[in-house]
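Descriptive structure summary
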Amino acid sequence: MDERAFYALYEETSGALRAYVAKSLGNVTQADDVVQEVYLRFLRLPSPPADAREARPYLFRMATNLMVDQWRRQQREMKAMSVAQEHDIVSGDPAIRLDLGRLFLQLKPRERQLVWLAYVERATHREIGEALGLSARSIRVLLFRAKEKLVRLLQESGWKTSNE
Amino acid sequence: MREFLGDNDDVPELTAFMRAFAAEPIGGSPPKAAFVWWKAQLARRWDAEHRAAAAVRLDECICVGLAALGATGLAAWRWTTSPGIAAPVAGAASIAGVLVLLTTAVFAVADVLPVIRRSGGLKSPDHQITN
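As the structure is a prediction and not an experimental result, all values here were calculated from the model.

1. Observations concerning the overall build of chain B
What chain B contains, in helices and strands, is three helices and zero strands. In chain B, the succession of α and β elements from N to C terminus is α-α-α. Classification of the 131 residues of chain B by burial places 9% in the buried group. Taking as baseline every contact in chain B between residues at least 6 positions apart, the subset at least 24 positions apart corresponds to 68%.

Printed below as a string of structure tokens:
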């Protein structure tokens, strides 16, 4: 892949990827690090696809894996620091302090990825499965549970009534 | 990834929430494409240099190791075949020489092991591939 092709690909994909990572992590600074690492790893592939449609699944899968690594690292640090709630740490970023972000961060990390990919990226169960390393059947079940949980959280927070 | 998935729109409030959440600005500015490209080129060059240097270093270590082994063997052979070696001064000198050679051999082995480990010959337990 040459420089010009990379710029075009970056232009086309980085916005959606950054939004996915930032909203799932709840931390823009970490998200930018993850996004940068994703593209560095992508460019290290033997022959990275220059077409955005082909590259997207690679990029989202890499980002998903890096986020999982990040959460695991945070969990280890939290255990060491004896901090109880994960979202207390991730919501500390001043860039994401809005109510919607807080609501979303109450989901488990994997649930956030599932819901984002399904609702914002409009990915099929198979595509989500590829990104998360799970089967389409598992995605159907996990997504159903994540949706139920988010709806419950929305109802508890009165989000619907405040927006009507 | 943009394929429409009908059953994701089955809960209107959820769809509305996700639409609103996705529309919220993230803030900050993403890394520049030129910077990412430059970093990737730097990493690629560093990888190439590292691979080339590792091969040269491995060769050097093997040479030092072989020389140390040869010298140790030669000293051992001299020890057993020379009649005058039993004399006190010559004996002390030979022992000192053998000690120097053995020390060199130990250093050479210590030098070679990390290179072999890095090149994948002996994987360390914490070695992980995430992608």
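2. With respect to the overall build of chain A
Of the regular secondary structure elements, chain A holds nine helices and zero strands. For chain A, the succession of helices and strands along the chain, N to C, is α-α-α-α-α-α-α-α-α. Across the 164 residues in chain A, those meeting the buried criterion constitute 38%. Across chain A, the fraction of contacts at a sequence separation of at least 24, relative to all contacts at a separation of at least 6, is 64%.

3. Quick notes on the interface of chain B and chain A
Note: interface size is frequently given as the accessible area lost on complex formation between the parts. Chain B puts 29 residues into the contact, and the matching count from chain A is 42 residues. Mapped onto the side of chain B that touches chain A, the elements with two or more residues apiece are α1 (12–23) and α2 (33–81) of chain B. Looking at the side of chain B that touches chain A element by element, the count peaks at eight residues for α1 of chain B. For the side of chain B that touches chain A, the class distribution of residues is 18 nonpolar, six polar and five charged.

4. Considering the nonpolar core
Grouped together as the largest cluster of nonpolar side chains are 49 residues, with contacts concentrated most on Val21, Val38, Ala63 and Leu114 of chain A. For this core, the secondary-structure elements that each account for two or more residues are α1 (3–25), α2 (28–43), α3 (52–81), α6 (109–119), α7 (125–132) and α8 (136–157) of chain A together with α1 and α2 of chain B. If one sorts the elements of this core by residue count, α1 of chain A sits on top with nine residues. Ala63 of chain A has contacts with Leu17, Tyr20, Val21, Val34 and Val38 of chain A, leaving out every residue within four places of it along the chain.

5. Some points on the environment of Tyr39 of chain A
Looking at where Tyr39 of chain A falls in the secondary structure, it is placed in helix α2. When the C-alpha positions of Tyr39 of chain A and Phe6 of chain A are compared, they lie 9.5 Å apart, and in sequence the two are 33 residues distant. The residues touching Tyr39 of chain A, leaving out its near neighbours within four places in the chain, are Tyr10 of chain A together with Val36 of chain B.

6. Details of the packing of α1 of chain A against α2 of chain A
Residues and elements named next belong to chain A. Taken N-terminus to C-terminus, the directions of α1 and α2 make an angle of 135°; their axes are 9 Å apart at the nearest point. Considering their axes alone, α1 and α2 lie oblique with respect to each other. Relative to α2, α1 is oriented so that their crossing is right-handed. Residues Tyr10, Ser14, Leu17, Arg18, Val21, Ala22 and Leu25 of α1 touch α2, and the partners they reach there are Val28, Gln30, Ala31, Val34, Val35, Val38 and Tyr39.

7. Remarks on α7 of chain A
An α-helical segment advances 3.6 residues per turn. Residues three or four places apart therefore align on the same side. Residues and elements named next belong to chain A. Buried within α7 we find His125, Glu127, Ile128, Ala131 and Leu132. Along the long axis of α7, the arc covered by the buried residues comes to 160°, so they all point the same way. Of the residues one or two after α7, Gly133 is the one with positive phi, at around 70°.

8. Describing unusual backbone geometry
Residues and elements named next belong to chain A. A positive phi angle, close to 55°, is found at Arg122, a residue other than glycine. Structurally, the position occupied by Arg122 is in the loop between α6 and α7. By C-beta crowding, Arg122 is classed as partly exposed, having 15 other C-beta atoms within 10 Å.

9. Section: the confidence of the model for chain A
Detailed reading of the predicted coordinates is not advisable wherever pLDDT falls low. Here chain A shows a mean pLDDT of 83. Residues at 70 or above account for 85%. Low pLDDT, under 50, characterises residues 86–92 of chain A; the stretch is placed with 17 contacts to residues that sit more than four places away or in other chains.

10. Quick word on the confidence of the model for chain B
All names here are of chain B. Looking at chain B as a whole, its pLDDT mean stands at 74, while 71% of the residues score no less than 70. α1 holds the highest mean pLDDT among the elements of chain B, 85, whereas helix α3 (residues 88–118) holds the lowest, 71. Of the regions scoring below 50 in pLDDT, residues 1–6 engages in 12 contacts with residues more than four places distant in sequence or in other chains. At the level of chain-chain contacts, confidence expressed as ipTM amounts to 0.71, with global pTM at 0.65.

11. Let's talk about the packing of α1 of chain A against α2 of chain B
Where α1 of chain A contacts α2 of chain B, the two axes come as close as 10 Å, and the packing angle between them is 130°. Between α1 of chain A and α2 of chain B, the interaxial angle falls into the category oblique. Considering only the axes of α1 of chain A and α2 of chain B, their crossing is right-handed. Of the residues in α2 of chain B, those in contact with Glu3, Phe6, Tyr7, Tyr10 and Glu11 of chain A of α1 of chain A are Ala33, Val36 and Trp37 of chain B.

Scoring rules and cut-offs
Residues numbered from 1 in each chain as written. Chains lettered and ligands numbered in written order. Predicted model: local features only at pLDDT ≥ 70, side-chain atom pairs only at ≥ 80, totals over all residues. Helix = DSSP H or I, 4+ residues; strand = E, 2+ residues; numbered from the N terminus. Buried ≥ 20, exposed ≤ 12 C-beta atoms within 10 Å, placed from the backbone. Contact = placed C-beta atoms within 7 Å. Nonpolar A, V, L, I, M, F, W, Y, C, P; charged D, E, K, R; others polar. Core = buried A, V, L, I, M, F, W, Y, C linked by C-beta atoms within 7 Å. Axes fitted to C-alpha atoms, helices over the stretch in contact; angles between N-to-C directions. Parallel < 35°, antiparallel > 145°, perpendicular 65-115°, else oblique. Left-handed = near helix turned anticlockwise from the far one by under 90°. Arc of directions from axis to C-beta. pLDDT = per-residue confidence, 0-100.

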